[in-house]
Amino acid sequence: GQQVMQIPQYQHVQEGEDFTTYCNSSTTLSNIQWYKQRPGGHPVFLIQLVKSGEVKKQKRLTFQFGEAKKNSSLHITATQTTDVGTYFCAGSPPGGYQKVTFGTGTKLQVIP
Amino acid sequence: DGGITQSPKYLFRKEGQNVTLSCEQNLNHDAMYWYRQDPGQGLRLIYYSQIVNDFQKGDIAEGYSVSREKKESFPLTVTSAQKNPTAFYLCASKGMNTEAFFGQGTRLTVV
């Protein structure tokens, strides 16, 4: 079955440093979505990427979808304490939008 | 207000008891999902349903059961066969061209 791995599992950064999490799927995806889960909360949608090589930005966050549509990355520039949480990628296979597989997640801790 | 609602927020279960977690959505989504999350861990898929009266096992279905009699509802039963049920349970729904929407979650504790 489809597997989606994320690295690193944990990341501690000093406030103001950059942060990147990487997402790798064992199979080609039709799209990739990113979610953020604050401590004690539930995952909340951030963004969706659909096209091969697509790059999208949301303020300090930059999302990228690989050319082969099997990997993705989320980069945060100049982290803030509000960025604390666990970041998940999630993907669906071509033609199977309902089969969503979540990545293993990267837990980000920002040290003030 | 459209959304997805889980209840209860906290649930305590005695060993050997079955408990049912509720999940209701008014987003008109066909697909619904149940995930289990252990402390500091990711989301593991228990069951999912793509349409009414149909559902498929996820990666960790043993000890759990579901039903999908209505489009809006996808309850999860944690049976006594689930040996380690203490966890955070998340329900989600998804439309064809939408992201997944999650409920607030239910924290289940075995006492």
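Just above sits the structure.
What you see is a predicted model; the values in this text were computed from it and never measured. The residue numbering used here restarts from 1 in each chain and proceeds along that chain's sequence as written. All chains are assigned letters beginning at A, and all ligands numbers beginning at 1, according to the order in which they are written. Predicted model: local features are reported for residues with pLDDT of at least 70 only, side-chain atom pairs are reported and counted for 80 or more only, and whole-chain, interface and lining totals are derived from all residues. Hydrogen atoms and water are omitted, and side-chain values are computed over all heavy atoms in the structure.

(A) Representation of the interface of chain B and chain A. Only heavy atoms matter for contacts: two residues are in contact if any of them lie within 4.5 Å across the pair. Listed per partner, the contact involves 23 residues of chain B and 17 residues of chain A. A pair is scored as a salt bridge if a Lys or Arg side-chain nitrogen falls within 4 Å of a carboxyl oxygen belonging to Asp or Glu. At the junction of chain B and chain A, the tally comes to zero salt bridges. Counted as a polar contact is a pair of N or O atoms within 3.5 Å, where, for protein atoms, one must be capable of donating a hydrogen and the other of accepting one, and residues adjacent in sequence contribute only when both atoms are in side chains. Our enumeration of links across chain B and chain A arrives at two residue pairs in polar contact (both at pLDDT 80 or more). We count a stretch as a helix when DSSP gives it H or I for four or more residues in a row; a strand needs E for two or more, and each element gets its number in order from the N terminus. For the side of chain B that touches chain A, the secondary-structure elements that each account for two or more residues are strand S4 (31-37), strand S5 (43-51), strand S9 (87-94) and strand S10 (100-102) of chain B. Examining the composition of the side of chain B that touches chain A, we find that four residues originate from one element, S4 of chain B, more than from any other.

(B) Up close: the packing of aromatic side chains. Aromatic pairs are defined between Phe, Tyr and Trp rings, using the six-membered ring for Trp, whenever the two ring centres lie within 6.5 Å; interplanar angles under 30 degrees are classed as stacked, those over 60 as edge-to-face, and all others as tilted. Under the defined criterion, the tally for this structure stands at 13 aromatic pairs over all chains. Where Tyr35 of chain A meets Phe102 of chain B, the ring centres are 6.0 Å apart and the plane angle is 85°; that geometry is what we call edge-to-face. You can see Tyr35 of chain A sitting in strand S4 (residues 31-37) and its partner Phe102 of chain B sitting in strand S10, one on each of two chains. By the burial criterion, Tyr35 of chain A is buried, and Phe102 of chain B matches it. Seen from their ring centres, Tyr33 of chain B and Tyr35 of chain B are 6.2 Å apart, and the 20° between their planes marks the pair as stacked. In this pair, the class of Tyr33 of chain B matches that of Tyr35 of chain B, namely buried. A network of ring pairs unites the aromatic residues Tyr35, Phe45, Phe88 and Phe102 of chain A together with Tyr33, Tyr35, Tyr48 and Phe102 of chain B as a single cluster. Sitting over the face of the ring of Phe74 of chain B, Arg68 of chain B holds its NZ or CZ atom 5.9 Å from the ring centroid. Residue burial is assigned from relative accessible area. The probe radius is 1.4 Å, only protein chains are included, and a residue is buried under 20% of its type maximum, exposed over 50%, and partly exposed in between. Cation placement over rings: the criterion is NZ of Lys or CZ of Arg within 6 Å of the ring centroid and within 35° of the ring normal.

(C) Up close: a nonpolar patch on the surface. Think of a patch as exposed residues, more than 30% relative accessible area, with no salt bridge, where like charges cluster within 9 Å and nonpolar side chains (Val, Leu, Ile, Met, Phe, Trp, Tyr) cluster within 5 Å. Using a 1.4 Å probe, accessible areas were evaluated by the Shrake-Rupley method; residue-level cover was limited to the displayed protein chains. Among the surface-exposed residues, Tyr10, Phe12 and Val111 of chain B lie close enough to one another that they form a single nonpolar patch of about 370 Å² accessible area. Position of Tyr10 of chain B among the secondary structure elements: in strand S2 (residues 10-13).

(D) Up close: the pattern of salt bridges. Residue and element names in this part refer to chain B. On inspection of all chains with the given rule, the structure shows five salt bridges over all chains. The salt bridge involving Asp30 is made with Lys71; its shortest N-O contact spans 3.5 Å. Separated by 41 residues along the polypeptide, Asp30 in the loop between strand S3 (19-25) and S4 and Lys71 in the loop between strand S7 (64-66) and strand S8 (76-78) bring together distant segments of the chain. On the basis of relative accessibility, which here comes to 32%, the residue Asp30 falls in the partly exposed class. Using a relative accessible area of 24% as the deciding quantity, one classes Lys71 as partly exposed. Between Arg36 and Asp38 there is a salt bridge whose closest N-O contact spans 3.0 Å. We note that Arg36, like Asp38, is buried. One salt-bridge network, held together by shared partners, links Arg36, Asp38 and Arg44.

Note that all results are geometric; they support no functional claim without further evidence.
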